[in-house]
Every structure is written in C-alpha cells, then in structure tokens.
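Here is how the chains run, residue by residue.
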Amino acid sequence: MRFMNKTIFAAAASLLACASFAAWAETVVTIDAAKPGAVINKNVYGQFAEHLGTGIYEGMWVGPDSPIPNTKGWRNDVLAALKDLHVPLVRWPGGCFADEYHWREGIGPRKDRPVKVNTMWGGVEEPNWVGTHEFFDLVELLGADAYVNGNLGTGSNQEMAEWLEYMTSNTKSGLAELRRKNGRDKPFKVAYFAVGNEAWGCGGNMTPGHYANLYKTATTFLKAPHDSRPKFIASGGNDNDVTWTTTLSKEVKDNIDAISFHYYTIPTGKWEVKGAATGFGEGEWISTMKNTLAMDKLIANNVKVLDQNDPQKKIGFYVDEWGTWYDVEKGTNSGFLYQQNSLRDAVVAALNFNIFHNYADRVRMTNIAQMVNVLQAMILTDKDKMLKTPTYHAYHMYVPFQDATTLPVAIKDNGAYKLGETAVPQVSASAARGKDGKLYLALVNTNPNKETEVTVNVAGGKAGAVQGRMLTAGAMDAHNTFAQPDAVKPVPFTAQAKGGKLSMKLPAKSVVVVNVE
Ligand code: AHR
C-alpha cells in the first residue's frame, strides 16, 4: 500500500468494488405470466430414427420371432421408455438414407424383400425388414405423428407420388388395394412429408435454386386426400448458410409448409476430430456449451429472412436434425455413429430446448439425432439390455413444455462462466404455462464447477414455492452404463420462499425443471 500511487489506488478500489459486487449480486429470473406468447408445438420434442447402425435393427426392431419381448417386432422395453417420454413425432427413414430408400422394397412379406447394401452408413446389409407398415406400427404404438422423408436423390417424382398414394388413399386404386393386401385397410396418417434431405450434400450436392425447381415439380404431383394432406417440408440449409432459407422462401410459393435446417454441436468445431463423448477436459465442456448456444443466432438469422419473405408466418422453420456429434466409440463401426451420452449431453439438450422455445412461432418442429444408439440418443441397447441416457432424462423433465404456452423471462445479473478466452452465460432459463394450467420454469447452470443462486419472481404475482426435478452428477462426463444404468438420473427439487423471496440454488452443471406455485 505504501507504494501505491493515486491511480493505482483508484483502480484497486474499483476492482474491489467489482469483486464485492460479484460476491453479492445474484441472478434474478423474472417470469411475466401476464404476457403469454406462442405455443410450443409438441413436435419441438420430435425424434429421428434412421436406417443407420443399430438405431433401428437391434436397437428398436428385433422382429416378432425374437426372444427379446416385443410387440409387432418392436422391443417392449424401448417402447415403454419412449412412451414415457410422450414422443410426439418420429422422422423416418433418414437422413441421408432417405435419398437411397425405395419404398417398394420395404412392403410385402418380409422374407421376400430384397437385401440391399446401406452404402450411406457402414456398407452393411439392409434387409428391408422395417418398411412402411412396420414404421407405422411403431408410431401408432407410440401414439406419435409420422414424418416420412421422401427420396429425391435416387428416386423419382413418380416414386414419391405413388408412395404417398399408397399410404394415404382411401379409394380402390391399385396402390390402396396393394396396401390392403399387405395387411392395412385404413390409410396411414402421414403428418409430414419431406422432399429429399440435405440436398446441399448427401442428398445430391445441389444448389438452392436447382433444388427449389425440383421441389416445385415434385410437390406438384404429391397428392393426398384433402383431409389427410401432410405438411410438406423442403430440405433447407445448415450451419451458417442462410441461402437455402432465402431461396426457398422467395421462390417456392405453393405446397411449402416448412423449411428444414440442420445443426450439430461438435465440441472442437472440426469434423475431422470432433472430440470424445467421455473423458474430455473442461476446455471441451465450455466449447460444447458455446457451440450449442450458437443455435440461437443460427435460428435468428434464418427467422429474419423468413420474416421478410413470409411475414404471415405460413412457413415453419424445422430444425429436423440437431444434437451432439462426437468421435465414434473405439472398436465400433465408424459408419454406425455410436457414442456414449453423458450429463453434458443433457445440458446441451436443455440449452437447445430453451432456445427453441424462444422461436416457438417459427420453430414448430425439431428432431434430435437420433432416437436409439445413434449420435445423441435417448436410449442405448446391448442385446437384450437397454439404458436411458442423461439426454432421455432431460426430455422427460421437459415433457410439461409440450404444447405449453411460452411466457417471457428476463434474466438480470446473469454471471458468466469463463475458461481462458471463452465465456458463456451461466444461467439459461425458459418458462411456459403448461396445458395443465401450471407455470413451469426450466433452468440450466452451464458452469461445471460452481453452484449458482437464482431468485425467481413472477411479475405481478407471487412465487411462493417451486417443485420439480433436478439433474446433475459429480463428473462432467458422468453417464449411465449397462452395469450402472441409474448413475445419472433426476432427483426431486423443491424450494420455498422466505421473507417473500424465492431463491433456488442450482448445482454446478445442472438442469432443473420446476412448477412454480
Ligand atoms: O444424423 C446423421 C446424418 O447427419 C443424417 O443422415 C444426415 O442428414 C446428416 O448429415
């Protein structure tokens, strides 16, 4: 102190003031319950099941003759777990696989179906045992909507049009009669139909303008009875590229209900070495948080374009592939995209949900990639065993947000979680009025080292107590194994107001979903 000159002293004093401010400033989350916003379409919690690795065969479909208990070939343990998640929608058969899929090969007696090579994923045999009828068995068993992805890449307009007629026609047409012969009298309910997938890449390496023309032609011939017309989805862009949204929303005026978008969270940000699913350091924890939060800006950029070209908001923006993408687990087929799933994945899922809710008026569907055994999965299986991943638990905790009405949330004095040059907001929050009339609040603490205290206010009302569930674990990469399937699972969470103030302590690296009373 003896050697401090005036300037240094002033600087030190202001630093001290900041430090003490940081010590007592607490994050305040205020929910405006009087200003309901858009409804969060339940299909924001949609799933994706592609013919990829063990995602369908083994992971879900074992066939009716399997010793693994099943219903119409679909594993009972997996079905029960997925039913608990209230899975609202399943996208099938791909992904990149969709542009190589020929639906006629997947109908009729299974023993007569041709065996193909799945050239997209692993070069393995594709027996076509799961086809149109089996897929609809799955969605009907789950009570979910069906999202069928058509083949634009190696298919034809005729093939797509006939598939739609086969599924939806209630006439005595040859195709409807063929469906009946194959065991299904009533038409299937196709809620969504996409024309191709990733047309910029595996779907044909096209330019947006070329695809827009093909889309217009294809949808001209996609017919279904008036009362069961699916919503038509155009294959859009990915990452930072808004040219697909721009071109499609300008050039396609008819038969377009949504434009799709894909964005994956890669810890390193590099496809060549993506980062490991477990055993990573804090550097990859924070980069994963940062790369996940980038979703917000990516959606905002596309929504801005849509707001200009489609101010009536007829066109939805569907993030129909998202999730973490890591290096595959050692010893597994690199074409199977099998990865472990840790607490980090649950935090990633919750951050994405909170972002999607903010764009509920445009983002009316999203599909995590993928449902079982592939990328950021809900469920992992090993022969007759199965486990629920931390991501599964995040989905389960957020079920009350399906079809809930968004409520504005303001976060004051949100701290930053920093490591080196990287910083992300410590708290992410989202609130909604559930279909049951209750007020739900979801909070995420991105900091893996520190708990954080959050004061919860309800503007114009009172927050007396909260109750719900919390998901956290000791290690950043804590995960469930077949030996310890419940190592990471939610626990009850409650807090009571004291002296008129409701404070919630969010543990480090946690997801909390509560009902505010
Ligand atoms: O989800 C895996 C693959 O990722 C999908 O098949 C493709 O659309 C995307 O590139």
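Treat the numbers as computed from the prediction; the structure is a model and nothing was measured.

**As for the nonpolar core**
If you look at the biggest cluster of nonpolar residues, it comprises 119 residues, and the most contacted ones within it are Met 60, Met 167, Phe 193, Tyr 211, Ile 299 and Tyr 398. Among the elements that make up this core, the one with the highest residue count is helix H9 (residues 343-358) (10 residues). When we break this core down by domain, the ones giving at least three residues each are domain 1 (23-37 + 407-516) and domain 2 (42-402).

**A short note on the site of the ligand**
As a matter of local geometry, the ligand sits amid 14 residues, with Glu 50, Cys 96, Glu 198, Tyr 264 and Glu 321 nearest to it. The contact in question runs from an oxygen atom of the ligand to an N or O atom on the side chain of Glu 50, over 2.7 Å. When the ligand sits alone it has 280 Å² of accessible area, and the protein chains cover 94% of it.

**Re helix H7 (residues 243-251)**
Listed as buried for H7 are Trp 244, Thr 245, Thr 247, Leu 248 and Ser 249. Packing partners of the buried residues in H7 comprise helix H6 (208-220), strand S10 (231-234), strand S11 (258-265), helix H8 (282-309) and strand S12 (316-324).

**What to know about the side chain of Asn 70**
Residue position: Asn 70 is located in strand S3 (residues 70-71). Accessibility expressed as a relative area gives 18% for Asn 70, which makes it buried. A polar side-chain atom of Asn 70 sits 3.2 Å from the main-chain carbonyl oxygen of Gly 63. Polar contacts involving the side chain of Asn 70 include one to the main-chain carbonyl oxygen of Ile 68, which spans 3.0 Å.

**Some thoughts on the domain arrangement of the protein**
Once the domains are mapped, the protein shows domain 1 (23-37 + 407-516) and domain 2 (42-402). Spacing between the C-alpha centres of domain 1 and domain 2 amounts to 30 Å. On the domain 2 side, the residues contacting the 42 residues of domain 1 number 39 residues. Buried area between domain 1 and domain 2, summed over both chains or domains, comes out near 3,200 Å², and the portion from carbon and sulfur atoms is 74%. Inspection of the region where domain 1 meets domain 2 yields 0 salt bridges.

**Some points on the sheet that holds strand S25 (residues 502-506)**
An order of S17-S1-S22-S25 is seen for the 4 strands of this open sheet, with the pairing classed as mixed. Where the open sheet ends on each side, the last strands, each with one partner, are strand S17 (409-412) and S25. Adjacent strand axes in the sheet meet at a mean angle of 25 degrees, parallel and antiparallel pairs treated alike. Judged from the 4 bridges that link them, strand S1 (residues 27-31) and S17 form a sheet pairing that is antiparallel. Its bridge partner lying in S17, Val 28 is registered against Lys 412.

**Focus: unusual backbone geometry**
Geometrically, the link from Trp 92 to Pro 93 is a cis peptide bond, its omega value of 0 degrees lying close to zero. Tracing the sequence through the fold places Pro 93 in the loop between strand S5 (89-92) and strand S6 (116-118). Cis geometry is adopted by the peptide bond preceding Gln 370, which originates at Ala 369 and carries an omega value of -5 degrees. If you check the backbone angles, Glu 198 has positive phi at about 40 degrees while not being a glycine. Along the chain, Glu 198 turns up in the loop between strand S9 (192-195) and H6. Of the residues examined, Glu 198 reaches a relative accessible area of 12% and is grouped as buried. If you check the backbone angles, Lys 509 has positive phi at about 40 degrees while not being a glycine. By the element assignment, Lys 509 lies in the loop between S25 and strand S26 (510-516).

**What to know about the layout of surface pockets**
Of the volumes computed, that of the second largest pocket is approximately 350 Å³. Within the residue set of the lining of the second largest pocket, elements represented by two or more residues are H8, H9, strand S16 (405-407), S17 and strand S20 (427-433). Within the lining of the second largest pocket, the residues separate by chemical class into 11 nonpolar, 6 polar and 1 charged. When residues of the lining of the second largest pocket are assigned to domains, at least three map to each of domain 1 (23-37 + 407-516) and domain 2 (42-402).

Conventions adopted
Residues numbered from 1 in each chain as written. Predicted model: local features only at pLDDT ≥ 70, side-chain atom pairs only at ≥ 80, totals over all residues. Heavy atoms only, no water. Core = buried A, V, L, I, M, F, W, Y, C linked by side-chain atoms within 4.5 Å. Buried < 20%, exposed > 50% of the residue type's maximum accessible area, 1.4 Å probe, protein only. Helix = DSSP H or I, 4+ residues; strand = E, 2+ residues; numbered from the N terminus. Domains from an automatic or database assignment. Near = heavy atom within 4 Å. Polar contact = N/O pair within 3.5 Å; in protein donor to acceptor, adjacent residues only side chain to side chain. Areas by Shrake-Rupley, 256 points an atom, 1.4 Å probe, with all protein chains shown as cover. Contact = heavy atoms within 4.5 Å. Buried area = accessible area lost by both parts, 1.4 Å probe. Salt bridge = Lys/Arg side-chain N within 4 Å of Asp/Glu carboxyl O. Pairing = 2+ DSSP bridges. Axes fitted to C-alpha atoms, helices over the stretch in contact; angles between N-to-C directions. 1 Å grid on protein atoms, 1.4 Å probe; cavity = no way out; pocket = protein on both sides within 12 Å on 5 of 7 lines; lining within 4 Å. Points joined across faces, edges and corners; volume = space filled by probe spheres on them. Nonpolar A, V, L, I, M, F, W, Y, C, P; charged D, E, K, R; others polar.

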